[in-house]
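# Structural description and commentary
Each chain is listed here by its residues.
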Amino acid sequence: MHRARTVINNLVPLAPLVPKVAPERFAAWLAAAPNKIIINSPPKRWYNAPVATEPFLNGSSGSYVEEMYNSWLADPKSVHASWDAFFRNSSSGAGPGQAYQAPPSLALPGRNETALTSLAPFFGGGAALGGQVDDKVIDDHLAVQAIIRSYQIRGHHIAELDPLGISSADLDDRIPPELLYNHYSFEEKDMERVFKLPSTTYIGGKDKALPLKEILRRLETAYCRHIGVEFMFINSLEQCNWIRQKFETPGIMEMDSDQKRLILARLTRATHFEAFLARKWSSEKRFGLEGCEILIPAMKQIIDKSTELGVESIVMGMPHRGRLNVLANVCRKPLEQIFTQFAGLEAADDGSGDVKYHLGTYIERLNRVTNKNIRLAVVANPSHLEACDPIVQGKTRAEQFYRGDGEGKKVMSMLLHGDAAFCGQGIVFETFHLSDLPDYTTHGTIHIVVNNQIGFTTDPRFSRSSPYCTDVARVVNAPIFHVNSDDPESVMHVCNVAAEWRNTFHKDVVVDIVSYRRNGHNEIDEPMFTQPLMYRKIRNTKPGLQLYAEKLIKEGTVTEEEVKDVADKYEKICEEAYTNARKETHIKYKDWLDSPWSGFFEGKDPLKVSLTGIKEDTLVHVGKRFSSPPPNAAEFVIHRGLERILKARMEMVEARTVDWALAEAMAFGSLLKEGIHVRLSGQDVERGTFSHRHHVLHHQNVDKATYRPLCFLYPDQAPYTVSNSSLSEFGVLGFELGYSMTNPNALVCWEAQFGDFNNTAQCIIDQFISSGQAKWVRQSGLVMLLPHGLEGMGPEHSSARLERFLQMSSDDPDYFPPESEEFAVRQLHDINWIVANCSSPANYFHILRRQIALPFRKPLVIMTPKSLLRHPEAKSSFDEMVEGSEFLRVIPEGGAASQNPSSVKKVVFCTGKVYYDLKKARDSKDLASDIAISRVEQISPFPFDLVKNECAKYPNAELVWAQEEHKNQGAWSYVQPRFNTALNNTRSLSYVGRPTAASPATGSKMQHYKEHAQLLEDTLAL
């Protein structure tokens, strides 16, 4: 009876409706009163009723249970396995409700799930037989999972990253409590307990369970020694598991003796290169790498692994620190060329040059480790530390495009950063946000941060608000690997992982080499003024090479003699190169070119321009294709407004006329026909800020269905790319500049949403576009389209700051070049860029085509119109675009005044949109015979010859320059001295226009109209 009582007792929790009786009398009561329970049973049973309302034990089932129990006592095999388990657990003393054991499920456990039965070995005897599971055992296993996850998320906070041992890389010396085992109620006695490992870790290797002590040791090894891994913010389980495997798998960082010797040899070269320069030129600035020499082996390791994985070309960008070492030991630029930069020699070629630690290079060489050819380009960079980032990305993207490398498997980019600049410069953020955009992605960049833990003289705690300098990379889910520079093998491991990550996922990755700067900001700077304690520690810190050599000698990998032999060999190489360098008499800027154009200049007359006029058949063909709806127009529904626009374009083509948008499309289309790739990029360029372009037609009923007419002009045409960019000027203009540097046979255009927005990209304009050729012998045919014109839209949507571009133009205002047939092209050849303000669609068509027709490349800055896009008079005939026509630097007066020039009283010179306002006002006052209006279309280089001729044509006229911009803005300051030179100071030129002002334009519509009316009145006054 006792056993029956025990069995029934286990059923009590499952029978809430059984009348409450004492447990010891339960079985007797059940036998004596078998019908009491069913009196309250409902007349109809509902099978979906909740268990709590359904009676379980009644007289019949109670008898059935006792009968089964008696059968089991006689022979356990006589009952079903589930009853056998139930009775066994009851007999073993399982508590109420604990004896029942659910049948095993045939379904496999899900990801990150573990079958409870698999924990049986860790539960103890009773539970192993199906008894009660100890809550503490489950809680402890969950705690172990929490510890593992805490190390994966937070382990980097306590990693030993600083080679100086004086600060935490995350600026926080506290230990996160979740990394302490006693935070989870574990005690020392639990250290030997064995726990099953979850599927979210690889620390076990082949073992499925480990003692707690070993689990903690392996987690410490993976996440808290000399590598700190930030990756758990990545929202991809596949990517997180991939990283876990690369750092947690036991023994994954082991290296053989050959690999260690290779690291030692590379570290020796990097260290002794800096030592050699310091010895030979002790007082020269060179921004050496002392303190982070491991950068050189790290870059070479990434290059080795990447070439092994199929990469054939790597484009690199970096600041000045360590640049000479990178050029010498990563690119293997001849040491003689580097050493001659210290000699103060004259240049053998044109240009103004740059300091040695800003120069770039391009090298093709054999990678001796993988035995594969590799192309390495280091892009030249000014002192604006991160400015070259988008340029590298654009150059990389262009190389991928021309190679047909749509997945980035052949060409990749590598960017080096300083810690203070990486978190301080906004262009880093802008560049990161280009990383996954379809028309801007380079399919993954490897970023290496040379983390000196100082910015010039500023401590990290005063130069950033984030824990790490690398936190900006988190915005694009890039994994971040922090590593101690004094552990070369750990550095090599993270470099291998970074290269493999980029090859596997084609996403950005950051390697943060936590190091120090042995000298001051440069070699003659005194750091003890501001960081005395840090530099006292640095002076007592052994160089990384010495530490690693001692380690390898101690473990028997190399001998002291071998270490000395490697150093002596490199010293000999440097001395020989030094001897040869002293024989040089000149330096050559072209030796440092980062983007050579093979075969472009050879065999060309440097002063011969191809024709820009084209056959009328081409104009008609391109015009009609551009004006037609998609071929499947019945299925492709376009906006009704676009139907009207396309119809109007077709009517213009049939009338042999073009407006601004049509002229641009014909320039692009004719170049595409000739095999010239055209790329147009910028904010909202697909439609155009002013809704005039419409190079991408959108299906009105189907998402993402588009049609690009210029991509379907000819079956064998070059590709056309038009792309709305991110809301960035600095980043995107830099990107397009890099794109234009790669191949001269492409028209690359960047359009600002409004012209004045170019000022957020001023760094790219100043440091690269206007001066790039002079400093680095680097040409670019980039076109900047800047909407410009005072039309009452306020200070920010009026002026593209024409005066700034003209002020940076390099032509001499006091020098009138010798007149000849090549006058115009020679001017273009000699200047740094071209600045124009076209007033007719035909001239816009020609100047775009001229960019490709020139035998060299120059940047082109165009002030583009706004209201002229739809102005009824701003149209051109096909006659101005067909063969025999060309770009007009000056458009002379062609009306009544030109018929009788001697009687003309005033000649007005102007540029751009204001011409149409002046012409309308002149005609309304019936002054067409008295006042001539000439348009200067190409402002820089200044058309001295044509201006001279136009002035000579009207000998009795007053000469004025009229502009809508304020007097201290616009072209006036540029043209005034050049007019004097063109006229040899024989006639004077007067200014007519708005007075000087601080703001580009008024914000008052009324004031704008008043100023405009005054401008017209003053200009036309006789």
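Please refer to the structure higher up on the page.
Residues numbered from 1 in each chain as written. Predicted model: local features only at pLDDT ≥ 70, side-chain atom pairs only at ≥ 80, totals over all residues. Heavy atoms only, no water.

### Re the packing of aromatic side chains
Scanning the entire structure with this criterion turns up 41 aromatic pairs. With a centroid separation of 6.1 Å and an interplanar angle of 20 degrees, the aromatic rings of tryptophan 597 and phenylalanine 601 are classed as stacked. Among the residues examined, tryptophan 597 registers a relative accessible area of 9% and is labelled buried. With a relative accessible area of 37%, phenylalanine 601 lands in the partly exposed category. Centroid distance phenylalanine 816 to phenylalanine 944: 5.3 Å. Interplanar angle 35 degrees. Geometry classified as tilted. (Phe/Tyr/Trp six-rings, centres within 6.5 Å; stacked < 30°, edge-to-face > 60°. Buried < 20%, exposed > 50% of the residue type's maximum accessible area, 1.4 Å probe, protein only.)

### Brief notes about the sheet that holds strand β25 (residues 931–936)
Spatially, β23-β25-β24-β27-β28 is the arrangement adopted by the 5 strands of the open sheet, whose pairing is mixed. The open sheet has two edge strands with one neighbour each: β23 (890–891) and β28 (989–994). Taken together, the 6 bridges between strand β27 (residues 958–966) and β28 define a ladder with parallel strand orientation. Looking at β28, one finds that alanine 962 is bridged to valine 992. (Pairing = 2+ DSSP bridges. Helix = DSSP H or I, 4+ residues; strand = E, 2+ residues; numbered from the N terminus.)

### A short note on unusual backbone geometry
One can expect most non-glycine residues to show negative phi and most peptide bonds to be in trans. The omega torsion of the bond from serine 940 to proline 941 falls at 0 degrees, within 30 degrees of zero and hence cis. Considering the arrangement of structural elements, one finds proline 941 in the loop between β26 (938–940) and α31 (944–953). You will see that asparagine 477, though not glycine, has its phi angle at about 55 degrees, which is positive. Relative to the elements of secondary structure, asparagine 477 occurs in the loop between β9 (445–451) and β10 (480–484). The phi dihedral of aspartate 926 is positive, around 55 degrees, even though this residue is not glycine. Relative to the helices and strands, aspartate 926 is located in the loop between α30 (914–924) and β25.

### Focus on the pairing of strand β24 (residues 906–910)
Along any regular strand the residues' side chains alternate between the sheet's two faces. Across the 5 residues that make up β24, a large majority, 5, are buried. In β24, alternate side chains face the same way, and those of Lys906, Val908 and Cys910 on one face and Val907 and Phe909 on the other are all buried. Examined bridge by bridge, β24 and β25 share 5 bridges and lie parallel to one another. Of the residues in β25, the one forming a bridge with phenylalanine 909 is serine 934. With α30 bridging β24 and its parallel neighbour β25, the resulting β-α-β unit is right-handed. Bridge analysis of β24 against β27 gives 4 bridges, and the strand direction is parallel. Looking at the pairing, lysine 906 lines up with glutamate 958 of β27. (Right-handed = clockwise from strand over helix to strand, strands pointing away.)

### Structural notes on the environment of glutamate 550
Within the secondary structure layout, glutamate 550 lies in helix α18 (residues 544–555). You can call glutamate 550 partly exposed: its relative accessible area is 34%.

### As for helix α6 (residues 135–154)
For α6, which comprises 20 residues, the first-to-last C-alpha distance of 27 Å matches the rise-based estimate of 28 Å (1.5 Å per residue) to within 8%. Considered for burial, the residues of α6 that qualify are Val137, Asp140, His141, Ala143, Val144, Ile147, Ile148, Ser150, Tyr151 and Gln152. On its buried face, α6 sits against β1 (194–196), α7 (212–223), β3 (227–230) and α8 (237–248). (Expected span 1.5 Å × (residues − 1). Contact = heavy atoms within 4.5 Å.)

### Describing the environment of lysine 925
Relative to the helices and strands, lysine 925 resides in the loop between α30 and β25. Lysine 925 sits in the partly exposed class, given a relative accessible area of 45%. As for lysine 925 and methionine 793, which are separated by 132 residues in sequence, their C-alpha atoms are 28 Å apart. Beyond its immediate stretch of four places on either side in the chain, lysine 925 contacts Glu1017 and Leu1020.

### Concerning the packing of helix α9 (residues 257–280) against helix α19 (residues 560–581)
Interhelical geometry of α9 versus α19 gives an angle of 45 degrees and a closest axis separation of 9 Å. Considered as vectors, α9 and α19 are oriented oblique to each other. Of the two elements, α9 crosses α19, and the hand of that crossing is right-handed. For the pair α9 and α19, contact is made by Leu264, Ala265, Thr268, Arg269, His272, Phe273, Phe276, Arg279 and Lys280 and by Val563, Val566, Ala567, Tyr570, Glu571, Ile573, Cys574, Glu575 and Tyr578, respectively. Among the residues forming the contact of α9 with α19, the class breakdown is 11 nonpolar, 2 polar and 5 charged. (Axes fitted to C-alpha atoms, helices over the stretch in contact; angles between N-to-C directions. Parallel < 35°, antiparallel > 145°, perpendicular 65-115°, else oblique. Left-handed = near helix turned anticlockwise from the far one by under 90°. Nonpolar A, V, L, I, M, F, W, Y, C, P; charged D, E, K, R; others polar.)

### Brief notes about the nonpolar core
Ranked by size, the top nonpolar core spans 164 residues in total, and within it Leu295, Phe339, Met414, Ile513 and Met784 carry the most contacts. Once residues lying within four places of it in the same chain are set aside, the contact partners of leucine 295 are Leu289, Val326, Leu416, Ile448, Val450 and Ile513. Counting 53 residues, the second largest nonpolar core, distinct from the first, contains Ile614, Leu672, Leu785 and Val882. (Core = buried A, V, L, I, M, F, W, Y, C linked by side-chain atoms within 4.5 Å.)

### Some points on the pattern of salt bridges
Tallied over the full model, the rule gives 49 salt bridges. Residues joined in a network through salt bridges with shared partners are Glu873, Glu893, Lys919, Arg922 and Asp923. (Salt bridge = Lys/Arg side-chain N within 4 Å of Asp/Glu carboxyl O.)

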